[in-house]
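# Structure at a glance
So you can see what is in the structure, the chains are spelled out below.
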Amino acid sequence: MGGTEEQRTTGIRATSRDVARLAGVSHTAVSFVFNGRAEGNLSPATQERIRQAAAQLGYRPDPVARGLRRRRTAVIGLVTDEIASSPFAGRLLRGAMETAWGREHLVLTVDSGGDPAKEDAAVAELLDRRVDGIIYAAMSLRRVRVPEGLHRTHSVLANCLPEDDSLPAVIPAERAGGRTAARLLLDQGHRRLAHIGGLDDIASVERLRGFRDTLRAEGITVPKEWVVRTGGEIAGGYEGAVRLLEGVPADRRPTGIFAYNDRVAAGILHAATRLGIDVPGDLSVVGYDDQEHMAAFLTPALTSVALPHREMGEAAAALLLDAIDTGRTPAATVRRIACPVVSRASVGPAPTR
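Residues numbered from 1 in each chain as written. Predicted model: local features only at pLDDT ≥ 70, side-chain atom pairs only at ≥ 80, totals over all residues. Heavy atoms only, no water.

Spatially, the 6 strands line up as an open sheet ordered β9-β8-β10-β11-β12-β14, and their pairing is mixed. The outermost strands of the open sheet, each flanked by one partner alone, are β9 (227-228) and β14 (341-342). Two elements, strand β8 (residues 193-196) and strand β10 (residues 256-259), share 4 bridges in a ladder whose sense is parallel. When the bridges of β10 are listed, L193 appears paired with G256. On top of the sheet, helix α8 (residues 174-187) reaches β8, β10, β11 (284-289), β12 (303-306) and β14; it is set at about 160° to β11, its chief contact. Lying over the sheet, helix α10 (residues 234-245) contacts β8 and β9, oriented at roughly 145° with respect to β8. (Pairing = 2+ DSSP bridges. Helix = DSSP H or I, 4+ residues; strand = E, 2+ residues; numbered from the N terminus. Contact = heavy atoms within 4.5 Å. Axes fitted to C-alpha atoms, helices over the stretch in contact; angles between N-to-C directions.)

Quick look at the structure:
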């Protein structure tokens, strides 16, 4: 534990002047080290002596005073629509918070519950508190109305796109994820492939488009009746799988199914069990999302294309903090984060019959 005996017993916090005295340097030299201005002004040996003195005394720079000098608060805001109800919120928040903490910023989070009026009020409150910038995050990929006031500070969107294309956004590479799912199945020899689940949203369209991209490049066409839109829940996956598989001879049914998400995949696995179809012996299934507390615990454990929520949080925070540091508003571009594969037991070689 740092600090002198007197400081430990009295609770007195070491100051930069204490550090200067112990290191045998000026107060200005200490300020240079802890304000990032030491290079070119102090030798490496002097910088190290100051840091050692600070460590010995348990000295930590006062973030409030430092923020006042820089006209910053060292706090960024994060407004989101459904932290409480989304299984993915924790990952995105952790990514943003840890990136911010690594760059000496805290994150102040507000959940609007998807209410536009609350979003506007949340942004106004954060601006009143002089946050250095704001991340607006959605827990499902879609185009969003930009909350009022977001253009008055440095702002970045995470897992959503602005309706007016006015702000930078960090989103999953959904189309590339669909290509990955197709390649997984093709590499195992599957040629009779189907897709179950999905809605008329960006994620559904992009995942299916990518899936078809890869199959088309291999000269494979998915029959129209093998693309079954049944929503995004377990019941939809079950219904779609029964529709495709029940009563169909093994040599005329799909040997591989790409599910819109892991919940749909769970329904497909349930239907396969009921119909006596072995996974992955007779049928391989690929999910999407790699949903925590679900994908790894299905029977068999589900191979899934993971949504990079943590990485999106990290990237959005880094982009925002770069803008804060440089004072330059980032271009209103879209950055797509790769969706990695998590391989488990639900994908195997295509049956030979």
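In total, this model carries 24 salt bridges according to the counting rule given. A salt bridge links R310 to E98, with the shortest nitrogen-to-oxygen separation between them at 2.5 Å. Of the two residues, R310 sits in helix α12 (residues 309-326) while E98 sits in helix α6 (residues 89-102), which places them 212 residues apart along the sequence. Accessibility expressed as a relative area gives 46% for E98, which makes it partly exposed. Between E246 and R274 there is a salt bridge, with its nearest N and O atoms 2.8 Å apart. (Salt bridge = Lys/Arg side-chain N within 4 Å of Asp/Glu carboxyl O. Buried < 20%, exposed > 50% of the residue type's maximum accessible area, 1.4 Å probe, protein only.)

Relative to the helices and strands, N261 is located in the loop between β10 and α11 (262-274). A distance of 3.1 Å separates a polar side-chain atom of N261 from the backbone nitrogen of R263. Engagement of the side chain of N261 in a polar contact is seen with the backbone nitrogen of V264, the distance being 2.8 Å. (Polar contact = N/O pair within 3.5 Å; in protein donor to acceptor, adjacent residues only side chain to side chain.)

This part covers the nonpolar core. Counting residues in each nonpolar core, the largest one holds 42 residues, and the members touching the most others are I196, F211, L215, I268, L283 and V285. Sorting the residues of this core by element identifies α8, β8, α9 (202-217), β9, α10, β10, α11 and β11 as the ones contributing at least two each. Residue contributions to this core peak at 6 residues, all from α11. What V285 contacts, discounting residues up to four positions off in sequence, is I257, A265, I268, L269, V279, L302, T303, S346 and V347. Counting 22 residues, the second-largest nonpolar core is a separate cluster that includes L93, I135, A137 and I324. (Core = buried A, V, L, I, M, F, W, Y, C linked by side-chain atoms within 4.5 Å.)

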